[in-house]
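Letter by letter, the chains look like this.
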Amino acid sequence: MVDLTHPATPRASRSRGFFCSPTGKPLLLPLLLPTSPRLSRPGYNDRMTRFAILMSLLCLSAWHPAALIQAADPAVRIITCGWNAPTVGQFARDIDQLPGDLPLTGCVLTLHSDSGRPDPLASTHGLEDWSKLDVDRSIKAMPAVSKSSMPDNYLLLKANPGNEDWLDDEGWDVIVDHYRIAARLARRAGLRGLLIDFEPYTPPHHQFQYSRQPDAVKHAFVDYQRAARRRGRDVIRAIAKEFPCAEVCTFFLLSYLIEDHHHRGPSPIGRGDASWCLAGHSYGLLPAFVDGWLDVSPPGITFIDGCENAYWFRSADQFRQCAFGVRVLGQQLVSPENREKYRNQMRVAFPIYLDAIHPTLAGRYTLEPEEPDRLRLLKRNLSAALSAGDGLVWLYGEHGRWWPEAGEESLWKEKDVYPTWEAQLPGISRILSDVVDAASENRQPATTVGPAEPDRPSVERSTSSGGKSPEGGEINATAIEFEPVWESLPGDSIGDVVLNSGQVTISGARERSAQTTIEVQPNRRYMVQV
């Protein structure tokens, strides 16, 4: 059965659900009235409380992102990133050679400094002075080149070394200024926004883990949560000041806290000891940091959780469950007052780890090493990623390249010079094109929008509910003429279930339910209003 529970409401307050049928098989739609403390308190069942439920089925092509589960972005976007990510200078030099016949729409860019540290943006959470970065040559070259063939480009920032205490105001003033400068550079270069990598690559490796903070013995976890939230507010204010409609993309955000992990720690989702879980989790302060983002983010800012843990997914169900976890369960990790913003501004992207698709390049991290047909794995995972996410997939690779050899525009001279990915995985270009073509045919065309509200779907017609979702967002849906035939399911003996004329009336019950079966079309998403 499908659980319609909203994470922020009691289990008895179920009002609607979304169902997706990838195969076109009938959907079993249950209606549950479960036991809850509110329903079972003394004297409650003495009153004859009646629940009259009328179902209307809507076939959705798009809906406002305030909906409980967001619709996918209409556009398919495939970007490249990894060890051979081009510098901004190389992008400007070689953009006329890409994407060619490849279905690539953008890439993650690094920024080479012509003096000083070659890769300054790799130390965003450090104390280096960025006010005099020698990067004008690269940045000035970008506006002169057309990016129409590859418009989805992001400037890469790494949250290293991460050794500044969250309570250090002076240190964080420098870090916040780094984000401001990076946002300005991305806007000047005509990019979509920033891509932030929160993984710690340098000591102390524990930027977001409370239990490893230097002053954790002096300050409670809640003190560090407040500080992380304050830093998050400062960071987004700085980004929005320079780039008010930026996409703030990440390799991962709250997706790393949705499920238990043997190394990072237990998930706090649905647990009475959530604070204890967060205090010991490797990324336990990340939700507070994101909460700060949401406190002050203008509506033009879009956040993207890149769901890096999908590198090793083995089925379409895993992609769907992860997307559901980010969109719905992730709301539990932010403050109630920020959950509507979270639904409006958070998107889901997925990765493909190309080295793990190759039979040997990733070593012990190879995906399903027993599978001889490596391109089958690529096709399966790319298709699932595009179906479950909001249209953006990032192809991460270490031992291959998409771009021409960087030469003098390389970040590190003669480092990471590898064969092309077509040479490493023969047939990869064809598979990418086939999957993207198929996915594009099943998606709605992109809508032209203003800069303040990117990626907002259009509304073609109103529904019987006045064109509004239960959260207040507009819905683009087509009502299906359908009168369900309900079947009462066994439950406890208290209360009555009456079925007639497509309606279910449940009265005086603590735990009773009914179900119906509906014929649906493949690759369409359906909403049930209750």
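The following paragraphs examine the structure supplied in this document. Computed from a prediction, not measured in an experiment: that's the story for all the values here.

## Let's talk about the nonpolar core
Logical step 1: Counting 125 residues, the largest nonpolar core has F198, I239, W293, F350 and W402 as its most contacted members.
Logical step 2: If we ignore the near neighbours within four places in the chain, the residues touching I239 are Y179, A183, L194, P244, A246, V248 and I301.
Logical step 3: Membership of the second largest hydrophobic core comes to 5 residues, among which are W486, V504, I506 and A514.

## Considering the sheet that holds strand β12 (residues 392-397)
The strands making up a sheet associate through backbone hydrogen bonding, with each pair oriented either parallel or antiparallel.
Logical step 1: Strand order in the closed barrel formed by 8 strands is β5-β6-β7-β8-β9-β10-β11-β12, and the pairing between neighbours is parallel. For this sheet, the mean inter-axis angle between neighbouring strands, taken without regard to orientation, is 30°.
Logical step 2: In this sheet, strand β6 (residues 106-109) lies alongside strand β5 (residues 77-82) in parallel orientation, the contact comprising 2 bridges. Across the sheet, the residue bridging to I79 is G106, located in β6.
Logical step 3: Sitting on the sheet, helix α11 (residues 374-388) is in contact with β5, β11 (346-353) and β12, with an inclination near 175° to β11.

## Quick notes on the packing of helix α8 (residues 316-327) against α11
Logical step 1: With their axes 9 Å apart at the nearest point, α8 and α11 run at an angle of 30° to one another. By the criterion of interaxial angle, the relationship of α8 to α11 is roughly parallel. In this structure, α8 crosses over α11, and the sense of that crossing is right-handed. The segment α8 lies against α11, with A316, F319, R320, A323 and R327 engaging N381, A384, A385 and A388.
Logical step 2: Taken together, the residues that form the contact of α8 with α11 break down as 6 nonpolar, 1 polar and 2 charged.

## Description of the pairing of β12
Logical step 1: Of all 6 residues that make up β12, 6 are buried, and the element is covered over most of its length.
Logical step 2: Residues L392, W394 and Y396 line one face of β12 and the alternating positions V393, L395 and G397 line the opposite face, and both faces are buried.
Logical step 3: Both β5 and β12 contribute to a ladder of 6 bridges, which runs parallel. Bridge pairing in β12 links G82 to G397.
Logical step 4: Relative to β12, β11 is paired through 5 bridges, and the arrangement is parallel. Paired with A349 across the two strands is L392, which belongs to β12.

## Points about the pattern of salt bridges
Logical step 1: Using the criterion set out here, one finds 27 salt bridges in the structure.
Logical step 2: Across the pair R231 and D169 runs a salt bridge whose closest N-O atoms are separated by 2.7 Å. Highlighted residues: R231 in helix α5 (residues 221-242) and D169 in helix α4 (residues 169-188), separated in sequence by 62 residues.
Logical step 3: Take R231: its relative accessible area is 3%, and that puts it in the buried class.
Logical step 4: The salt bridge involving D234 is made with R237; its shortest N-O contact spans 3.4 Å. With D234 and R237 both in helix α5 and 3 residues apart, the pair spans about one turn of that helix.
Logical step 5: Given a relative accessible area of 25%, D234 falls into the partly exposed group.

## Some points on the packing of α11 against helix α13 (residues 428-441)
Logical step 1: Viewed as axis vectors pointing N to C, α11 and α13 meet at an angle of 30°, and their least axial separation amounts to 10 Å. When the interaxial angle is binned, α11 and α13 end up roughly parallel. Pair α11 / α13 crosses with right-handed handedness. Residues L375, L378, K379, L382, S383 and L386 of α11 pack against I428, R430, I431, L432, V435 and A439 of α13.
Logical step 2: Partitioned by chemical class, the residues of the contact of α11 with α13 number 9 nonpolar, 1 polar and 2 charged.

## Structural notes on α4
Logical step 1: A rise of 1.5 Å per residue sets the reference length of α4, with its 20 residues, at 28 Å; its end C-alpha atoms lie 29 Å apart and thus fit the reference within 8%.
Logical step 2: Here α4 has its buried residues at G171, W172, I175, V176, H178, Y179, R180, I181, A182, A183, L185 and A186.
Logical step 3: One side-chain oxygen of the residue at the start of α4 lies 3.2 Å from the amide nitrogen of E170, identifying that residue as D168.
Logical step 4: Taken from the residues just after α4, G190 is the one with a positive phi, measuring 75°.

## A short note on the packing of aromatic side chains
Logical step 1: Applying the stated criterion across every chain yields a total of 28 aromatic pairs.
Logical step 2: Both rings, one in F251 and one in W394, keep their centres 4.6 Å apart while their planes meet at 35°; by these two values the pair is tilted. Placement of the pair is F251 in the loop between β9 (247-250) and α6 (274-280) and W394 in strand β12, with a sequence separation of 143 residues.
Logical step 3: Here the aromatic cluster, defined as three or more aromatic residues joined through ring pairs, consists of W166, W172, F198, F208, F252, Y256, Y283, F289, W293 and F303.
Logical step 4: Taking NZ or CZ as reference, K158 lies 5.4 Å from the ring centre of Y201, over its face.
Logical step 5: Lying over the aromatic face of Y256, R264 brings its terminal NZ or CZ to 3.7 Å of the ring centre.

## A short note on the environment of M142
Logical step 1: Relative to the helices and strands, M142 resides in the loop between α3 (136-141) and β7 (154-158).
Logical step 2: Here the alpha-carbon distance between M142 and A92, two residues 50 residues apart in the chain, equals 5.6 Å.
Logical step 3: Leaving out residues up to four positions away in the same chain, M142 has contacts with V88, F91, A92, L109, K147, A189 and L191.

Calculation criteria
- Residues numbered from 1 in each chain as written.
- Predicted model: local features only at pLDDT ≥ 70, side-chain atom pairs only at ≥ 80, totals over all residues.
- Heavy atoms only, no water.
- Core = buried A, V, L, I, M, F, W, Y, C linked by side-chain atoms within 4.5 Å.
- Buried < 20%, exposed > 50% of the residue type's maximum accessible area, 1.4 Å probe, protein only.
- Contact = heavy atoms within 4.5 Å.
- Pairing = 2+ DSSP bridges.
- Helix = DSSP H or I, 4+ residues; strand = E, 2+ residues; numbered from the N terminus.
- Axes fitted to C-alpha atoms, helices over the stretch in contact; angles between N-to-C directions.
- Parallel < 35°, antiparallel > 145°, perpendicular 65-115°, else oblique.
- Left-handed = near helix turned anticlockwise from the far one by under 90°.
- Nonpolar A, V, L, I, M, F, W, Y, C, P; charged D, E, K, R; others polar.
- Salt bridge = Lys/Arg side-chain N within 4 Å of Asp/Glu carboxyl O.
- Expected span 1.5 Å × (residues − 1).
- Polar contact = N/O pair within 3.5 Å; in protein donor to acceptor, adjacent residues only side chain to side chain.
- Phe/Tyr/Trp six-rings, centres within 6.5 Å; stacked < 30°, edge-to-face > 60°.
- Lys NZ or Arg CZ within 6 Å of the ring centre and 35° of its normal.

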